[in-house]
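Each chain, written out:
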Amino acid sequence: MPFELKNNTINEFHNEVLRRFTDRPFLYFVDDEPMSYKEYALKVRNLRKKIIDSGLIKADPIALLGPASPNWAISFMAVMTAGFVVVPLMEDFPASDIDHIISDSGARAAVITPSYAEREDLPSLKGMPLFSLDDLNHLEGSPRRVSKKDKTERSPFTDVELADNLEADGEGCFPSIPSDVAELLYTSGTTGHSKAVMLTHNNLVTNLYEGTDLIDECFDEHTILMSLLPMAHAYGSTSAFLSIMYKGARICFLKRKPTPEYLQTVFRKVQPTILGGVPLIFEKIFQKKIQPMIRSRKILSWGVEKSVLFRKLLYRMAGRSVMNYFGGKLRCIIIGGATFSEQVETFMREAKIPYLLGYGLSETSPLITFSTLEESRFGSVGHAVNHTKIRISNPDEQGIGDIEVSGPQVMKGYYRREEETRAVFSGDGWFRTGDRGLLDDDGYLYIRGRSKNVIVGSSGENIYPEVIETKLNAFEIIDESLLYLDDQSLTALVHLDAELVKSRFASDEALLKEALEDLRQELNKELSLNSRVSRIRIQKEPFEKTPTRKIKRALYIPGY
């Protein structure tokens, strides 16, 4: 049940967490011993005081740049509980974008991996106090204090009066109110510079309860979340950190970039009970492990195609191997961030792998829909979470339309982009998500794709490329794909699995071309007449993607 707080601020939420779970283990790296909630709290308090000693005042933005780690989590909470505004930055952003975000946000200090301080392509870091993510101390060579700021200047991040006598308390905290901006979260846009989403204390606190309360049975004093997500994203910072902390669970971080071999070793050591990830992780497991096993034996391939019972028995057996790969103690896998393959979801459901799909955006803190394990529905991302309403506007004859949302998790707006803020809200105040989908009679939501990605066919019908792309990506040889309209013909641009191409086709381009044509015809059997793919083209290099693994469509589709 949600905490009964006097005010929905991160500071009050944080204090309640520490009161309840003081002696429980909390944050750690693989192979290390976890620090307790009490030890974590001391580190948060010490960092708050160091930042305040540098001369920052209430509502000052502070950039946070570095890999997911216990110190990243400590810094994230230290900044927000102190009454500052945290500005998390994705490491995968180009240097020009990182520099732009630090400058655009008006950051007055930064907590960073020390190597960033030495880079000449990040001039925005020069001249401000810097703190090290390695040891949470002031970074030598950076200014000890910020330049003096006019406190009479109105802050866009708080309604608290910034008077000269406004001081932090003995814990290093300025007073906060629910409407204060706690986080300035830059979206990983597919074109141009990303927008800054202003998320308030109330946005975050009301949203962090919603997912984990629906799977309360998965949590106890032994629960371990394996962190596979970037923490500078809404999913990683709210749903995979704040929501886990709310339950008093522990969180384990990787020491290096994940590879399948490293992850298998990590899962055996850690034995996580909860995993959070994007669909791509589980689609690759199916493509690389399950499909080759089936195709290697004709009797298995024939059985899966001809008998539902045989397929279920085979998937159930394979599911045990997958669960063992994850360490053998998984209670739930939480999947979000993109369209999920029907084929892979069928496997996970019939293999008895406990999973849930959720849906949300940076602008909604992020969670909009979720469900319990018992009530989940195939193909759906769940129903609206508490105090949230969903409506479908401008539906077509199938009931598919624009998804709009109303609830306490909806952002305050885009920072310094009033026109764009107005554009994403309807006249009666509902947030336009930019996604299209439909609701069933029980309020379960089914996503069909982004509104701006919809392709209008020659007969005026709507074609949702993400749906076809997930079907394409289910083919073993296809690593990833992008569908677009070229001269009134649906064209699939595909990046192939290089190892499979080399082993099966060597240098025989004619044979590869023939295989892709067979694949196209097989795909079209699953599609309506108006949405069939006319041609397949090969993209030699991997698609350039956003940090949340979405293809930057504007780079590949003319006039996007």
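Residues numbered from 1 in each chain as written. Predicted model: local features only at pLDDT ≥ 70, side-chain atom pairs only at ≥ 80, totals over all residues. Heavy atoms only, no water.

> Would you explain the nonpolar core in this entry?
One recurring pattern in soluble globular proteins is that nonpolar side chains are buried together. Residues Phe13, Tyr40 and Phe241 are the most contacted members of the largest nonpolar core, which totals 155 residues. By size, the runner-up hydrophobic cluster in this structure holds 21 residues, among which are Val494, Phe505, Leu516 and Leu523. (Core = buried A, V, L, I, M, F, W, Y, C linked by side-chain atoms within 4.5 Å. Buried < 20%, exposed > 50% of the residue type's maximum accessible area, 1.4 Å probe, protein only.)

> Would you mind going over the packing of helix 2 (residues 37-53) against helix 3 (residues 70-81) with me for this structure?
Each pair of packed helices gets described by two things: the angle between the helix axes and the distance between those axes. Between helix 2 and helix 3, the shortest axis-to-axis distance is 9 Å and the interhelical angle comes to 55°. Accordingly, the angle class assigned to the pair helix 2 and helix 3 is oblique. When the axes of helix 2 and helix 3 are compared, the crossing they make is right-handed. In this structure, helix 2 uses Tyr40, Lys43, Val44, Leu47, Arg48 and Ile51 to contact helix 3, whose residues at the interface are Ile74, Ser75, Met77, Ala78, Val79 and Thr81. Taken together, the residues of the contact of helix 2 with helix 3 break down into eight nonpolar, two polar and two charged. (Axes fitted to C-alpha atoms, helices over the stretch in contact; angles between N-to-C directions. Helix = DSSP H or I, 4+ residues; strand = E, 2+ residues; numbered from the N terminus. Parallel < 35°, antiparallel > 145°, perpendicular 65-115°, else oblique. Left-handed = near helix turned anticlockwise from the far one by under 90°. Contact = heavy atoms within 4.5 Å. Nonpolar A, V, L, I, M, F, W, Y, C, P; charged D, E, K, R; others polar.)

> Before we go on, may I ask you to explain the sheet that holds strand 21 (residues 445-450) in this structure?
Think of a sheet as strands paired side by side through backbone hydrogen bonds, with each pair either parallel or antiparallel. Ordered in space as 17-18-20-21, the four strands form an open sheet in which the pairing is antiparallel. Strands at the two margins of the open sheet, each flanked by one partner only, are strand 17 (389-393) and strand 21. The mean angle between the axes of side-by-side strands here comes to 50°, regardless of whether they run parallel or antiparallel. Pairing between strand 20 (residues 431-439) and strand 21: five bridges, direction antiparallel. The residue bridging Leu438 from the neighbouring strand is Tyr446, located in strand 21. (Pairing = 2+ DSSP bridges.)

> I would appreciate a short explanation of the packing of aromatic side chains in the present structure.
Each pair of aromatic rings is reported with the distance of its centres and the angle of its planes. Per the counting criterion, the structure on display carries 22 aromatic pairs. For the ring pair Tyr315 and Phe347, a centre distance of 5.1 Å and an interplane angle of 85° mean the geometry is edge-to-face. Here Tyr315, found in helix 11 (residues 308-325), pairs with Phe347, found in helix 12 (residues 342-350); they are 32 residues apart in sequence, far enough to count as distant. Given a relative accessible area of 3%, Phe347 falls into the buried group. One aromatic cluster in this structure is built from Phe21, Phe26, Tyr37, Tyr40, Trp72, Phe76 and Phe241. Here the basic side chain of Lys195 rests over the ring of Tyr414, its NZ or CZ set 5.2 Å away from the ring centre. When the ring centre of Tyr262 is taken as origin, the NZ or CZ atom of Arg256, which lies over that ring, is 3.9 Å away. (Phe/Tyr/Trp six-rings, centres within 6.5 Å; stacked < 30°, edge-to-face > 60°. Lys NZ or Arg CZ within 6 Å of the ring centre and 35° of its normal.)

Interpretation note: all reported values are geometric properties and have no functional meaning in isolation.
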